[in-house]
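Observations on chain architecture
The chain contents come next:
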Amino acid sequence: KAGVTQTPRYLIKTRGQQVTLSCSPISGHRSVSWYQQTPGQGLQFLFEYFSETQRNKGNFPGRFSGRQFSNSRSEMNVSTLELGDSALYLCASSFGGFANTGELFFGEGSRLTVL
Amino acid sequence: QQQVKQSPQSLIVQKGGISIINCAYENTAFDYFPWYQQFPGKGPALLIAIRPDVSEKKEGRFTISFNKSAKQFSLHIMDSQPGDSATYFCAASKGAAGNKLTFGGGTRVLVKP
């Protein structure tokens, strides 16, 4: 069974540009969550999508957005990049549903460097 | 506001020793407490998890102890092995928030052979 796949794995952008990251969840998983990981702030929740609807949102500015497609694949977009957006962006999938499980399956992440 | 505080930031243990990582939370609405293990270059992976109605849960060499009144929980790694060298994160979530996990700051564990 294939795991969570994130693309691209590495990318370099300059300030002011925008970036789109992609995530393919484990087959059968309907929930996709995104997290930002930095040395200073650790792992921070960005948002969660379930059945193409944003179900939860973290405390990030509106420059951070996401969406989910009917096949559960998800993308996140960061516009007007800032130096502080340099981070490892992790996607996690789960079956979803109303029960709280916390059992997330993470991808290896997309490492974004903003110059 | 850091809702889950984790300590220590790093620890070194000899092979065969016990690694202990502690976490404290503030939000009493949290009802699910997982621990994740992360190796360099990889995403975090679920190690073990506990709910507040249980005071202890053991899976192999890994044990979670939970103290609801103190709002604290800890991870014990028994008979630590070099392959356990990784960063460990505690986390917490509440039922209505689905898969929104609040993570602790992480503990880098190094097991010396």
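One can find the structure itself at the top, above this paragraph.
Residues numbered from 1 in each chain as written. Chains lettered and ligands numbered in written order. Predicted model: local features only at pLDDT ≥ 70, side-chain atom pairs only at ≥ 80, totals over all residues. Heavy atoms only, no water.

1. Description of the environment of Arg-30 of chain A
Residues and elements named next belong to chain A. Quick reminder of the rule: Runs of E in the DSSP output that reach at least two residues are strands. Runs of H or I that reach at least four are helices, and both are numbered from the N terminus. Burial status follows relative accessibility: with a 1.4 Å probe on protein chains alone, a residue under 20% of its type maximum counts as buried, one over 50% as exposed, and anything between as partly exposed. What qualifies as a polar contact is a pair of N or O atoms within 3.5 Å, subject to a donor-acceptor requirement within protein and to the restriction that residues adjacent in sequence count only when both atoms come from side chains.
When you line up the elements, Arg-30 lands in the loop between strand S3 (19-24) and strand S4 (31-38). Taking relative accessible area as the criterion, Arg-30 reaches 41% and is therefore assigned partly exposed. Each C-alpha atom, one on Arg-30 and one on Thr-14, is 33 Å from the other, the two residues being 16 residues apart in sequence. Within the structure, the side chain of Arg-30 is placed 2.6 Å from the side chain of Ser-51, a separation counted as a polar contact.

2. A look at the sheet that holds strand S8 (residues 74-78) of chain A
Residue and element names in this part refer to chain A. Note the cut-off: Paired strands, as defined in this entry, are two strands with at least two bridges between them according to DSSP. Lines are fitted to the C-alpha atoms to define the axes, a helix being fitted only along its stretch in contact, and any angle between axes, read from their N-to-C directions, falls within 0 to 180 degrees.
If you walk across this open sheet you meet the four strands as S1-S3-S8-S7, and the pairing is antiparallel. Every interior strand has two partners, whereas the edge strands, strand S1 (5-7) and strand S7 (64-68), have only one. Averaged over neighbouring strand pairs, the angle between their axes works out to 15° when direction is ignored. When S3 meets S8, the two strands line up antiparallel, connected through five bridges. Its bridge partner lying in S8, Cys-23 is registered against Ser-74.

3. Notes on the packing of aromatic side chains
For the record, the criterion: For Phe, Tyr and Trp, where Trp contributes only its six-membered ring, two rings pair if their centres lie within 6.5 Å, and the inter-plane angle classes them as stacked under 30 degrees, edge-to-face over 60, or tilted in between.
The full count for this structure, using the stated rule, is 17 aromatic pairs over all chains. Here Tyr-25 of chain B and Phe-73 of chain B contribute two aromatic rings whose centre-to-centre distance is 6.2 Å and whose plane-to-plane angle is 55°, an arrangement assigned as tilted. Placement of the pair is Tyr-25 of chain B in strand S3 (residues 19-25) and Phe-73 of chain B in strand S8 (residues 72-77), with a sequence separation of 48 residues. Accessibility expressed as a relative area gives 6% for Tyr-25 of chain B, which makes it buried. With relative accessibility at 2%, the residue Phe-73 of chain B sits in the buried group. Through successive ring pairs, a cluster of aromatic residues spans Tyr-35, Phe-45 and Phe-106 of chain A together with Tyr-36, Phe-89 and Phe-103 of chain B.

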